[in-house]
Amino acid sequence: MVRDQKTSPQRLGGLVVGNYCHDVLIRDGVVVGETLGGAVAFISAVLDGISIPYNLVSKVGPDFAYTTCRSPIVIPTSRTTLFHAHFDSDIDGNGNGDRVLKRVTVCDPIRASDLDTESKFGFGMAVGVGGEIKPETLERMVDICDLVLVDIQALIREFDEDGTVKLVGLKESGFFHLLPRLGFLKASEEEAVYMDVEEVRKMCCVVVTHGKEGCNVYWKDGELEIKPFEANQVDPTGAGDSFLGGFVAGLVHGLPVPDAALVGNLFGSLTVAQIGLPKFDSRLLQRVKDEVQRRKMQFTSSHERQDDELRFVKPAGHEQFHASLDAAKLIPTCISQECQWDLPSSPPRAVEKAILPQYAGQPKLVLNSIYEEKLHAVEDKP
């Protein structure tokens, strides 16, 4: 469970673990977009935006097509993990088809030996998307991080011989024995069916996201529903990843869990209003940081101690905090960040040919990516 105040994630920086990816969207056999992928890309955008210190461990090949704020480890003998998302627009009358996600190439896994064991971290985030995080890697993370948060997709994704993604039950994942040592396990509502929430909540806190409906937080003694923020959704890609980044940022700033989940919902709503990786207005980010700091002062002044019960129960002023964050979204959009991502809508043509040899010359229609739309996977439910 969440550890006591002596080992709060406020004390130290964090450790974010997961590989960057190349994402390719293919609709009806036509390539319609390529972009930087991987949960770490979206989480980094949030943490950098609100000045949360962290180290990143990510692996790519020499073919990596993008420039990022934190450099990944380049493996000379490997290729960057590449996903193809195949859509069939004729599945229903609305042109919405199921997505079949395939891992085409895979970079080296992130091993326990890749982590800095000489340092201690206030929080750790295990956010792999291509099977790069192994049980021994997660075990090392819980040894060196005060609080570990995990996205369930890092645990339950497996891959058929042709690379098609399938989801397996959490008990069969090889990670189940580590749950009592985790702080939080985050899952989308589609992924949550691959675990017994009632069982898992007795071992660690579970956060289930519901898109435009907000999220639910479950722990051994209770559960909460956290309100969403309205959004003009244009691309749901990475909403869950941005939620997790915002949630962690709230915890690092000393907010109780319900308030931190509001920060997560806010960044999820900001992400779906943009195409691809979000770029946040610097004035909006400052307003959010000011509101979070104000909220922290309100909470700490009204509670002399902060045990687990106080961290999970909605404190007084929770609804007002939601309103103040909602007001921050009214700031006019003007993209300006200290750390800008160098992200063209597609990689340079020379790199493109390396990534997409079998689709060379086909038209590109729109930029899109793959992670937050419903996955049509080979189901192997528990």
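Above this note sits the structure.
It should be emphasised that the depicted structure is a prediction, and the values quoted were computed from it without experimental measurement. (Residues numbered from 1 in each chain as written. Predicted model: local features only at pLDDT ≥ 70, side-chain atom pairs only at ≥ 80, totals over all residues. Heavy atoms only, no water.)

## Overview of the packing of aromatic side chains
A complete count under the given rule lists eight aromatic pairs for this structure. Connected via pairs of aromatic rings, a cluster forms that spans Phe184, Trp219, Phe243, Phe247 and Phe312. Its end group placed over the ring of phenylalanine 159, arginine 103 keeps NZ or CZ at 3.8 Å from the ring centre. (Phe/Tyr/Trp six-rings, centres within 6.5 Å; stacked < 30°, edge-to-face > 60°. Lys NZ or Arg CZ within 6 Å of the ring centre and 35° of its normal.)

## Focus: the sheet that holds strand S15 (residues 215-219)
Strand order in the open sheet formed by eight strands is S4-S1-S9-S10-S13-S14-S15-S16, and the pairing between neighbours is mixed. Lying at the two open borders of the sheet, with one neighbouring strand each, are strand S4 (54-57) and strand S16 (222-226). Averaged over all adjacent pairs, the angle separating strand axes in this sheet is 15°, with direction ignored. Note: strand S9 (residues 121-126) against strand S10 (residues 145-151), five bridges, orientation parallel. Paired with alanine 126 across the two strands is valine 150, which belongs to S10. On the sheet, helix H6 (residues 257-272) packs against strand S13 (184-188), S15 and S16 and is oriented at approximately 35° with respect to S16. (Pairing = 2+ DSSP bridges. Helix = DSSP H or I, 4+ residues; strand = E, 2+ residues; numbered from the N terminus. Axes fitted to C-alpha atoms, helices over the stretch in contact; angles between N-to-C directions. Contact = heavy atoms within 4.5 Å.)

## Quick look at H6
Owing to its 3.6 residues per turn, the α-helix aligns residues three or four sequence positions apart on the same side. In this model, H6 (16 residues) spans 23 Å end to end at C-alpha, consistent with the 22 Å of a helix rising 1.5 Å per residue. The buried count for H6 comes to 16 of 16 residues, which makes it a mostly enclosed element. (Expected span 1.5 Å × (residues − 1). Buried < 20%, exposed > 50% of the residue type's maximum accessible area, 1.4 Å probe, protein only.)

## Notes on the pairing of S16
Within a regular strand, the side chains alternate between the two sheet faces. Only one face of S16 is covered, namely the face carrying Gly222, Leu224 and Ile226; the face carrying Glu223 and Glu225 is uncovered. In terms of strand pairing, S15 meets S16 through five bridges, oriented antiparallel. Looking across to S16, one finds that cysteine 215 is bridged to isoleucine 226. With antiparallel pairing between neighbouring strands as the criterion, S15 and S16 make up a hairpin whose turn holds two residues.

## Regarding the pairing of strand S7 (residues 81-87)
Extensive coverage of S7 is indicated by the burial of six of its seven residues. Where strand S2 (residues 21-27) and S7 come together, seven bridges link them in parallel fashion. Looking across to S7, one finds that arginine 27 is bridged to phenylalanine 87.

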